[in-house]
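Observations on the three-dimensional arrangement
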Amino acid sequence: MELQIPILLMAFKRPDLIAKCLYQLSKFEPQILYVMGDGPRNEEEAVLCNQSRELALNPSWDCEVIPIFNDENQGIVRSFIKGMSRMFSEHEFGIYLEDDIILSPSFYPFAEELLLKYRNDSRIGHINATNAAPHYKNSKGYSYHLGNYITEWGFATWKRMWDSYDVNMSDWQNVDKDKILSEACCHSRAKRELSKMFDLHCNNPDPWAWGYQWYFNCMHKNALCITPSVNMSLNLGFERIDSTNTFGSNPIASPLREIKFPLNHPETIKRNWKFDHQIEKIVCPNDFLLLKTRVLNKLKNCINF
């Protein structure tokens, strides 16, 4: 029997983005599609929610569609947990996708091969679709990097990792914080920022995000993440007034690319510190680079005044 990897699609109130996301999914036609739809907060949202659900429930290809709908609004965090819990109650692995994410068609077979290859390897916990530093090339031409930085813009993982997820991240209170952050981060500013976010989300009764808890889960389990050598995800949610956590222009947008098969796997399971350093410089530049950027921006503003 052919392996079927489910996709969990979050559908809320942006039918135009759902349409684009579904069009991209139709290029590789996943056979199982979970649709998580949070409830509206007002009558205007109710119309958009219904439109989004109608589109998501009727993809253009033949597949099993499993609706998971909230009558009332529960927020992104509770909806994420509800959807993931449902998918992983029925499957060993899966792909998570929000309505503003489009994937390269080759991400599905890429994830499929790696989900199987590392299904019983606790050293690997997460498979990114996004590569924030596609310019980085390793000398041996591996198809992916092993590192510490996870991205949320489309990813694949295993039930074994979901089962250890704690949205309260209570263990943060008991770990050696300096040790775990020093092992995870390349410089002091990244450590400070991550520590601040972990403190905010530890035992928070009303968390506004689920990603920091997922990041901590991978760190706490010493589980590396896989990042493809090319970027295979694009977030269309920036520069929109209806976005929840994405504002302004996309800081790490790169064109979608296709991965080449057969995959060239790394010879050893070992963190690529050079790659992680490149990622960290982009997502959380150190104090010197941050100051340099601010000075350069001020100079540009003066010149353009």
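To keep things clear, this report deals only with the structure shown in the data block. Please read all numbers here as calculations on a predicted model, not as lab measurements. (Residues numbered from 1 in each chain as written. Predicted model: local features only at pLDDT ≥ 70, side-chain atom pairs only at ≥ 80, totals over all residues. Heavy atoms only, no water.)

Here's the deal with the pattern of salt bridges
Overall, the coordinates contain 14 salt bridges when judged by the stated rule. Between Lys159 and Asp163 there is a salt bridge, and its shortest N-O distance comes to 2.8 Å. We classify Lys159 as partly exposed; its relative accessible area is 31%. For Asp163, a relative accessible area of 51% gives the class exposed. For Lys196, the salt bridge is made with Glu193, and the minimal N-O distance between the two is 3.8 Å. With Lys196 and Glu193 both in helix α7 (residues 188-201) and 3 residues apart, this pair spans about one turn of that helix. Overall, the relative accessible area of 43% leaves Lys196 in the partly exposed class. The network of salt bridges with shared partners includes Lys13, Arg41 and Glu45. (Salt bridge = Lys/Arg side-chain N within 4 Å of Asp/Glu carboxyl O. Buried < 20%, exposed > 50% of the residue type's maximum accessible area, 1.4 Å probe, protein only. Helix = DSSP H or I, 4+ residues; strand = E, 2+ residues; numbered from the N terminus.)

Some points on helix α2 (residues 43-56)
The end-to-end C-alpha distance of α2 is 20 Å, a good match for the 20 Å that 14 residues give at a rise of 1.5 Å each. Along its buried surface, α2 packs onto β1 (7-10), α1 (15-25), β2 (32-37) and β3 (64-69). At the N-terminal end of α2, a side-chain oxygen is found 3.2 Å from the backbone nitrogen of Glu44, two or three residues along, and the residue is Asn42. (Expected span 1.5 Å × (residues − 1). Contact = heavy atoms within 4.5 Å. Polar contact = N/O pair within 3.5 Å; in protein donor to acceptor, adjacent residues only side chain to side chain.)

A look at the sheet that holds strand β9 (residues 224-228)
The sheet built from 8 strands is open, its strands ordered β3-β2-β1-β4-β8-β6-β9-β7 with mixed pairing. Only two strands of the sheet have a single partner each, and these edge strands are β3 and β7 (144-147). Direction aside, the axes of adjacent strands within the sheet are offset by 25 degrees on average. By the bridge criterion, 6 bridges tie β2 to β3 in an arrangement that is parallel. Looking at β3, one finds that Ile32 is bridged to Glu64. The strands that α1 touches are β1, β2 and β4 (93-98); relative to β1, the one it contacts most, it runs at about 165 degrees. Lying on the sheet, α2 is in contact with β1, β2 and β3; it crosses β2 at an angle near 175 degrees. (Pairing = 2+ DSSP bridges. Axes fitted to C-alpha atoms, helices over the stretch in contact; angles between N-to-C directions.)

Thoughts on the pairing of β2
In summary, the side chains of a regular strand alternate between the two faces of the sheet. The element β2 is largely enclosed, with a buried count of 6 among its 6 residues. Alternating residues of β2 divide into Ile32, Tyr34 and Met36 and Leu33, Val35 and Gly37, and every residue in both groups is buried. Where β1 meets β2, 4 bridges bridge the pair, whose relative direction is parallel. Following the sheet pairing, Ile7 is matched in β2 by Leu33. Traced from β1 through α1 to β2, the parallel crossover comes out right-handed. The parallel pair β2 and β3 is bridged by α2, and the resulting crossover is right-handed. (Right-handed = clockwise from strand over helix to strand, strands pointing away.)

Focus on the side chain of Ser229
Structurally, Ser229 is set in the loop between β9 and β10 (233-235). Taking the relative accessible area as the measure of exposure, Ser229 reaches 14% and is therefore buried. The residues contacting Ser229, other than those within four sequence positions of it, are Asn131, Pro134, Lys137, Tyr142, Ser143, Tyr144, His145 and Ile259.

Structural notes on the state of the cysteines
Counted by the stated rule, this structure contains 0 disulfides. Cys225 carries a free sulfur, and the closest cysteine sulfur to it, the one in Cys218, is 7.3 Å from it. (Disulfide = S-S within 2.5 Å.)

Some details on the environment of Ser182
Mapped onto the elements of the fold, Ser182 is located in helix α6 (residues 177-184). Judged by its relative accessible area of 32%, Ser182 falls in the partly exposed class. Leaving out residues up to four positions away in the same chain, Ser182 has contacts with Lys191 and Trp273.

Here's the deal with the nonpolar core
With 45 residues, the main nonpolar core has Phe80, Met84, Trp172, Phe198 and Trp214 as its most contacted residues. The contact partners of Met84, leaving out residues within four places of it in the chain, are Leu8, Tyr96, Phe155, Thr157 and Trp162. Membership of the second largest hydrophobic core comes to 39 residues, among which are Leu33, Ile101, Trp153 and Ala156. (Core = buried A, V, L, I, M, F, W, Y, C linked by side-chain atoms within 4.5 Å.)

Structural notes on the packing of α7 against helix α8 (residues 211-220)
The interhelical angle for the contact between α7 and α8, taken along N-to-C directions, is 110 degrees, at an axis separation of 10 Å. Considered as vectors, α7 and α8 are oriented roughly perpendicular to each other. Here α7 runs over α8; the crossing is left-handed. Across from Leu194, Met197, Phe198 and His201 in α7, the residues of α8 making contact are Tyr212, Gln213, Tyr215, Phe216 and Met219. Per-class residue counts for the contact of α7 with α8 are 7 nonpolar, 2 polar and no charged. (Parallel < 35°, antiparallel > 145°, perpendicular 65-115°, else oblique. Left-handed = near helix turned anticlockwise from the far one by under 90°. Nonpolar A, V, L, I, M, F, W, Y, C, P; charged D, E, K, R; others polar.)

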